Amino acid sequence: MPSAVYVLAAGIFAMVTSEFAVAGLMPQLAAGLGVDVARIGYLITVFAVAMAVGGPVLTLALLRIRPKAALMVVFAVFLAGNVLAALATTYSVLVVARVISGVASQAFFGIAISLCGQLVDERVRGRAIGVAMNGLMLGTLLGLPLATFAGGHYGWRAAFWTITLLTVLAALLTQFQVRDPGQAERRKADFSVFRRPKLLLALVSSTLIIGATFSAFSFFTPILTEVSGFSPDTVPVLLLGYGAATVVGNSIVGRLADRHTVPALVAGTLLNAVFLTGFALFTDLPAAALAFMLAIGLAGVTMNPAMAVRVQRAGNTSPLVNTVHSSFITLGVMIGSFAGACLIEPYGLRAPIVLGAAMAVAAVVTILPAFGRRAAQPAVEVCCASTAG
């Protein structure tokens with residue numbers, strides 16, 4: 001595997017650490033900016049909306065330059081957003097900073113995943129994407145605790161300065177270790193690809209797969225403390241275990257994504273539906289709740305490499321397609337967390353988990369047509385061979 005793929009993972013790690021930082025710094029940010037915690041919570045939503053809407057726009061603006069140069073521009077924009085956040089003295093300035101960082105983060109994902117597909121042979125594309133996406137998993141496992149530790153001990157500004165340092169290091173590694181492909185694709189904005197039904201179905205599948213997991217993940221802390229009975233001091237350790245499970249699951253799916261793309265998606269998403277159902281049924285049993293939570297880590301967001309390969313085959317490997325795919329994934333996060341939150345008051349904390357299981361089943365339904373096309377392909381080839389004979 002080219003070293004550049006691991007460097008791209010480092011860049012993704014920096015982006016994800018910034019994305020999750022606010023969740024771990026809510027009390028400090030509220031006190032430092034003189035606003036309530038609810039308004040700080042809106043910063044998470046602002047970041048997500050900026051990713052979903054602004055990311056493709058920035059990617060579109062960078063389509064005509066080579067991938068490495070595009071990455072360096074994105075690093076500069078992302079760096080500006082984090083420096084502005086570290087220096088912010090008012091809530092409004094921090095909102096602007098989070099918008100800038102969110103736009104750059106989504107663009108980086110799309111360009112980096114596209115570049116992964118160009119740097120390696122098509123036969124190991126899924127594995128390369130899996131390696132790069134480990135930056136996302138490690139961001140969940142290590143990035144959030146790192147930002148929370150820095151903010152808790154040295155103030156919330158220190159967390160953003162830490163992310164700034166990570167960004168500079170990732171940018172330097174990219175500058176010296178990542179090369180442009182020999183025949184880098186300089187694409188014009190080809191919007192016609194988004195008229196392909198199989199691509200649109202793949203995008204919907206990704207939204208549902210990620211939404212299913214985040215409808216539960218977004219509420220792990222209150223579920224584990226208020227329903228399962230774990231102490232608040234134990235929850236960070238449990239979430240660390242969940243993060244470790246995502247790293248393991250992502251590595252497994254990355255190895256299956258090239259040759260078994262659709263079967264891996266069907267099997268993984270079905271398993272996630274089963275695990276979410278078990279989590280909903282046995283949430284009040286601590287041991288069972290923990291086991292199912294870790295299992296969700298193995299089979300939830302870890303579908304990313306197979307999802308990316310499916311989208312690239314249904315569309316193409318351009319940065320625009322990959323960034324739009326990332327936006328649909330972000331849409332899944334927003335739908336899962338928002339809909340889950342709406343269900344808690346009338347139905348309780350188990351309701352978001354049940355919603356997640358239902359979304360996982362719906363995701364399988366959207367994947368099955370691709371499974372049918374895959375099975376029909378050999379038959380077409382045999383028919384053509386017989387006609388030729």
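Let us look at the structure shown here. Just so you know, these numbers come straight off a predicted model, no measurement behind them. (Residues numbered from 1 in each chain as written. Predicted model: local features only at pLDDT ≥ 70, side-chain atom pairs only at ≥ 80, totals over all residues. Heavy atoms only, no water.)

Following both chains from N to C, one finds helix α9 (residues 220-227) and helix α10 (residues 235-256) inclined at 130 degrees, their axes separated by 10 Å at the closest point. Between α9 and α10, the angle is such that the two are oblique. Once α9 is placed against α10, the crossing between them reads as right-handed. Between α9, through Phe220, Thr221, Leu224 and Thr225, and α10, the contact on the second element is made entirely by Val235, Leu238, Leu239 and Tyr242. A breakdown of the residues in the contact of α9 with α10 according to their chemical character gives six nonpolar, two polar and no charged. (Axes fitted to C-alpha atoms, helices over the stretch in contact; angles between N-to-C directions. Helix = DSSP H or I, 4+ residues; strand = E, 2+ residues; numbered from the N terminus. Parallel < 35°, antiparallel > 145°, perpendicular 65-115°, else oblique. Left-handed = near helix turned anticlockwise from the far one by under 90°. Contact = heavy atoms within 4.5 Å. Nonpolar A, V, L, I, M, F, W, Y, C, P; charged D, E, K, R; others polar.)

What follows covers the environment of Val321. Residue position: Val321 is located in helix α14 (residues 319-347). Between the C-alpha atoms of Val321 and Phe194, which are 127 residues apart in sequence, the distance is 8.3 Å. Setting aside residues no more than four positions away along its own chain, Val321 makes contact with Val193, Phe194, Val311 and Asn316.

Take the packing of helix α3 (residues 37-61) against α14 next. One way to put it is that α3 packs onto α14 with a least axis distance of 9 Å and a crossing angle of 175 degrees. When the interaxial angle is binned, α3 and α14 end up roughly antiparallel. The segment α3 lies against α14, with Ala48, Val49, Met51, Ala52, Gly55, Pro56, Thr59 and Leu60 engaging Pro319, Leu320, Thr323, Val324, Ser327, Thr330 and Met334.

Ranked by internal contacts, the top residues of the largest apolar core, which has 105 residues, are Ile40 and Phe160. Ranked by the residues each element gives to this core, the list is headed by helix α5 (residues 91-119), at 14 residues. Residues Leu63, Ala202, Ala314 and Val324 belong to the second largest nonpolar core, which totals eleven residues. (Core = buried A, V, L, I, M, F, W, Y, C linked by side-chain atoms within 4.5 Å. Buried < 20%, exposed > 50% of the residue type's maximum accessible area, 1.4 Å probe, protein only.)

What follows covers the packing of aromatic side chains. By the definition in use, this model includes eight aromatic pairs. Summarising the aromatic geometry, the rings of Phe214 and Phe217 are spaced 5.3 Å apart at their centres and angled 75 degrees between planes, so their arrangement reads as edge-to-face. Placement of both Phe214 and Phe217 in helix α8 (residues 197-217) is noted, with a separation of three residues, approximately one turn of the helix. By relative accessible area, which is 14% here, Phe214 ends up buried. Relative to Phe292, the ring of Phe282 has its centre 6.3 Å away and its plane inclined at 10 degrees; by these criteria the two rings are stacked. With Phe282 in the loop between α11 (261-281) and α12 (286-299) and Phe292 in helix α12, this pair connects stretches of sequence that are ten residues apart. (Phe/Tyr/Trp six-rings, centres within 6.5 Å; stacked < 30°, edge-to-face > 60°.)

A cluster of nonpolar residues, Leu165, Val168, Leu169, Leu172 and Phe176, forms a patch on the protein surface that exposes about 500 Å² of accessible area. Locating Leu165 in the fold gives a position in helix α7 (residues 156-177). (Patch = residues over 30% accessible without salt bridge, like charges linked within 9 Å, V, L, I, M, F, W, Y side chains within 5 Å. Areas by Shrake-Rupley, 256 points an atom, 1.4 Å probe, with all protein chains shown as cover. Salt bridge = Lys/Arg side-chain N within 4 Å of Asp/Glu carboxyl O.)

Right, let's get into the pattern of salt bridges. Within this structure, the stated rule accounts for three salt bridges. Measuring nitrogen to oxygen at the nearest pair gives 3.3 Å for the salt bridge that ties Asp180 to Arg66. You can see Asp180 sitting in the loop between α7 and α8 and its partner Arg66 sitting in the loop between α3 and α4 (67-87), a full 114 residues away along the chain. Taking the relative accessible area as the measure of exposure, Asp180 reaches 21% and is therefore partly exposed. Arg66 sits in the partly exposed class, given a relative accessible area of 28%. Asp284 is paired through a salt bridge with Arg350; the nearest N and O atoms lie 3.8 Å apart. Of the two residues, Asp284 is situated in the loop between α11 and α12 and Arg350 in the loop between α14 and α15 (351-388); the sequence distance between them amounts to 66 residues.

With that settled, the discussion passes to the environment of Ala85. Tracing the chain through its elements places Ala85 in helix α4. Classification of Ala85 as buried rests on a relative accessible area of 1%. Separated by 242 residues in sequence, Ala85 and Ser327 place their C-alpha atoms 23 Å apart. Those residues in contact with Ala85, other than ones at most four positions away along the chain, are Leu94, Ala97, Trp156, Arg157 and Phe160.

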